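This is what each chain is made of:
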Amino acid sequence: MKPLLLSIFAWTLIVNGAHAAERTLKIVVDSSAPAEVRQAAHEILANVKRSAVLRAMVGEGTAPVEVSDSKALAAGPFEERAYSHLVVVGMPDDPMVKQVWQHEAALRDGGLYVFGFGHLLGEIGYIESDRNPFLHASNIKQTPFEAAVVTVTGITPASVRLAAKFFTEKGLVNGVVAGSGWRRGEGALLERSPLQWNSPIPVVPAVAGKWTRLAVTQAAEEEYRGVLADAGIAPEEIWRVKYHQPGVWDGAGAKKAFDHYSAGLHRRAYGNTLWMARFPSEKDASSAAPKIAMAAGLSTSGSGWQGKQPPFGPQRESPGNLALWQKGAWVLMSTLPVEATDLIAAEMERRR
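First, a word on what this report is: a plain description of the structure on this page. (Residues numbered from 1 in each chain as written. Predicted model: local features only at pLDDT ≥ 70, side-chain atom pairs only at ≥ 80, totals over all residues. Heavy atoms only, no water.)

Across the eight residues of strand β13 (residues 237–244), eight count as buried, placing the element largely inside the fold. Note: strand β12 (residues 211–218) against β13, six bridges, orientation antiparallel. Note on β13: the bridge partner recorded for threonine 217 is arginine 240. The sheet contact formed by β13 and strand β14 (residues 273–278) spans six bridges and is antiparallel. Bridged to isoleucine 238 within β14 is alanine 277. (Buried < 20%, exposed > 50% of the residue type's maximum accessible area, 1.4 Å probe, protein only. Helix = DSSP H or I, 4+ residues; strand = E, 2+ residues; numbered from the N terminus. Pairing = 2+ DSSP bridges.)

This is how it looks when you write it as structure tokens:
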């Protein structure tokens, strides 16, 4: 290529943002945050190779070797924030936490109000995940891929560290956690209890064909009420387990936006997910399963039910299969491909 054409080509890449097309992982904390908050960020860094979700964020690239200062990142080039998976660690008043906050939680009267969990006091930690909002800002002409943000926060420095431990060791990417002695403040209509360290999280297959178990989301009270409305029986616990394979966060532009959201970490993103609801008894699960299947528009297939997922947004086509089955006191639904769902169901049946 001639020098002039090469210069024009290079300039075109810079203008279109291709120079920033390398997706990275940044663990972010304010360098002046309380010591325990900074320690939480460094503990997340130390667990990059052990955490499934952090390994997926690193992908084939290089893992971060240090924690990024949130103030420096906020003052630096916009692309440094946009073209990265971000794990933001900090107190609720941290400026970077405020920038990525989804407004489903708020400080209130010395505690934390979280939609679906109520007003909570004591050592309360909070984790929420979404698409990186900087990548989807007007500053970015076209997204070259998807990137996620995970916010790890809490009422006190100790609760931030507790939330970080749930994130790295239990894979929790959306939920409310508590230390001992937590209590409720002002009453709310929707009140689900926070998780404590000894709260059981269901064990599901780590691998299903090409899919790897990535993370888990704790359901809030409004989801329990939805199941109650459909089935006439409320579950005792509900979980969503996200699976992942390389490539599902790739692809540029708006045409991939709904696929990226569905495959992402937001609490309402149900793509590539195993939904699990435990009812008070096996009899209750047997009663609830066909009613949930009917509400989802599924048809009987073998020992379970099969159908299609509803389209996302303006899409007209279903994004894929939807399967439902019962296992003891559990009712399970999968939006994974049929082959992966069958592998998960078979492995869980062998463990029974």
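On we go from here.
Looking at the secondary structure, you find histidine 244 in strand β13. Looking at histidine 244, the relative accessible area reads 10%, which means it is buried. With residues up to four places along the chain from it excluded, the contact list for histidine 244 reads Ala56, Lys210, Trp211, Thr212, Leu214 and Trp249. (Contact = heavy atoms within 4.5 Å.)

Right, let's talk about the packing of helix α2 (residues 35–46) against helix α7 (residues 157–170) for a bit. Where α2 meets α7, the closest approach of the two axes is 8 Å, and the angle between their N-to-C directions is 10 degrees. Judged on the interaxial angle alone, α7 and α2 are roughly parallel. Across the interface between the two elements, Glu36, Val37, Gln39, Ala40, Glu43 and Ile44 of α2 pack against Pro157, Ala158, Val160, Arg161, Ala164, Phe167 and Thr168 of α7. Among the residues making up the contact of α2 with α7, the classes are represented as eight nonpolar, two polar and three charged. (Axes fitted to C-alpha atoms, helices over the stretch in contact; angles between N-to-C directions. Parallel < 35°, antiparallel > 145°, perpendicular 65-115°, else oblique. Nonpolar A, V, L, I, M, F, W, Y, C, P; charged D, E, K, R; others polar.)

Keep in mind that these numbers describe shape and distance, not what the molecule does.
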